[in-house]
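Each chain, letter by letter, is given below.
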Amino acid sequence: SLLYPVKILVAVLFNVVLLFGFLKEAYARDTIIWAKDILPPSVILEGPDKDRGILDGMYREYEKALPEFDHEQVVANMARILFMMKEGQNKCYGGFIKTPEREKFIQFTIPNALIMANAIVTTKEKQLSLFHGRDTVSFDETLNTNNLKLGITKDRAYGSPIDEIVNSHKKDNVFYRSGKTSLQGLLKMLAKNRIDFSIGFPYEISYIARQMDEKDTFSVIAIEEFKSRQWIKIYAGCPRTPWGKRTVKRLNQALIEIRPM
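Residues numbered from 1 in each chain as written. Predicted model: local features only at pLDDT ≥ 70, side-chain atom pairs only at ≥ 80, totals over all residues. Heavy atoms only, no water.

Caption draft 1: Expanded view of the overall build of the protein chain. Scanning the protein chain from terminus to terminus reveals 10 helices and 11 strands. Per-residue burial for the protein chain yields a buried fraction of 44% across its 261 residues. Here the contacts in the protein chain between residues at least 6 apart in sequence split such that 76% fall between residues at least 24 apart. A total of about 14600 Å² of accessible surface is found on the protein chain, and carbon and sulfur atoms cover 54% of it. (Helix = DSSP H or I, 4+ residues; strand = E, 2+ residues; numbered from the N terminus. Buried < 20%, exposed > 50% of the residue type's maximum accessible area, 1.4 Å probe, protein only. Contact = heavy atoms within 4.5 Å. Areas by Shrake-Rupley, 256 points an atom, 1.4 Å probe, with all protein chains shown as cover.)

Next up, the structure:
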């Protein structure tokens, strides 16, 4: 009878399938999904400078330095990136400012970049009329000035003590903007006198103003509270999970080799 050999063949094939699945799982490559916030020139998604942003270049360096991983990318705003981290999803982001709140659910690498501290941005006209032409002002005093409206990006960290000042201040003169191009939107609001000032990194304010063909419209004013530390450390981060901690450990090894510090 052929029934017995057929049973043997079926059993062998079944075991081969199980073994193949086990080997595939055992030798599967891990994947890092890099989140990309739309904050040009950190990430540039379109136009002549597409893929030439600071984070764009940083992620390419990570991909070369970590060939044992597969690398993918996803576009999301900061609120979504923080949500993914809190959920423990296997995603990482390369441009964090470290805060005590974020350390509760994000595993940070060693610093991967230094950037000039955030500054106030306003129109040249308002610099003269509201800020009396000064090139350095106290953020706390400015925020406490009656009838001055601040516009900032929702869920963005600006660095201590700016974050603490904003969080402790009454919200009636603070406007929060979200969306893919939040800083560009805030600069447009500035130009239309809907807000009086905003905050951003000098390099991104300059880049966006040029893209808007408004480079002569805005003025950048240094923040007095940053006088003692004019440079801010930037970190990559992954969720504070076993996967995230392993990945950050490997990222740290790569950063020691490739970071310019």
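Moving on from the model shown.
Caption draft 2: Main features of the confidence of the model for the protein chain. Here the protein chain averages 86 in pLDDT, and 87% of its residues register 70 or above. A low-confidence stretch, residues 6–14 (pLDDT under 50), is modelled with 0 contacts involving residues beyond four sequence positions or located in other chains. Throughout residues 16–27 the model reports pLDDT below 50, and contacts reaching past four residues in sequence, or to other chains, amount to 0 contacts. (pLDDT = per-residue confidence, 0-100.)

Caption draft 3: A look at the sheet that holds strand 11 (residues 231–239). The strand order across the open sheet formed by 5 strands is 2-1-3-11-4, and the pairing between neighbours is mixed. Of all the strands in the sheet, the pair left with one neighbour each is strand 2 (70–75) and strand 4 (106–116). For this sheet, the mean inter-axis angle between neighbouring strands, taken without regard to orientation, is 25°. Looking at chain direction, strand 1 (residues 31–36) and strand 3 (residues 91–96) are connected through 3 bridges and run parallel. Residue pairing for strand 3: Trp-34 is matched across the bridge by Cys-92. Sitting on the sheet, helix 3 (residues 78–87) is in contact with strand 1, strand 3, strand 4 and strand 11, with an inclination near 130° to strand 3. (Pairing = 2+ DSSP bridges. Axes fitted to C-alpha atoms, helices over the stretch in contact; angles between N-to-C directions.)

Caption draft 4: Region of the structure containing the nonpolar core. Grouped together as the largest cluster of nonpolar side chains are 56 residues, with contacts concentrated most on Ile-81, Tyr-93, Phe-96, Phe-139 and Leu-150. One finds Ile-44, Leu-183, Met-189 and Leu-190 within the second-largest nonpolar core, a separate group that totals 14 residues. (Core = buried A, V, L, I, M, F, W, Y, C linked by side-chain atoms within 4.5 Å.)

Caption draft 5: Up close: the state of the cysteines. Per the counting criterion, the structure on display carries 1 disulfide. Disulfide partner of Cys-92: Cys-238, at an S-S distance of 2.1 Å. An S-S torsion of about 110° defines the bridge between Cys-92 and Cys-238 as right-handed. Taken together, the residues span a long stretch of sequence, with Cys-92 in strand 3 and Cys-238 in strand 11 at a distance of 146 residues. Just as Cys-92 is buried, Cys-238 falls in that class too. (Disulfide = S-S within 2.5 Å.)

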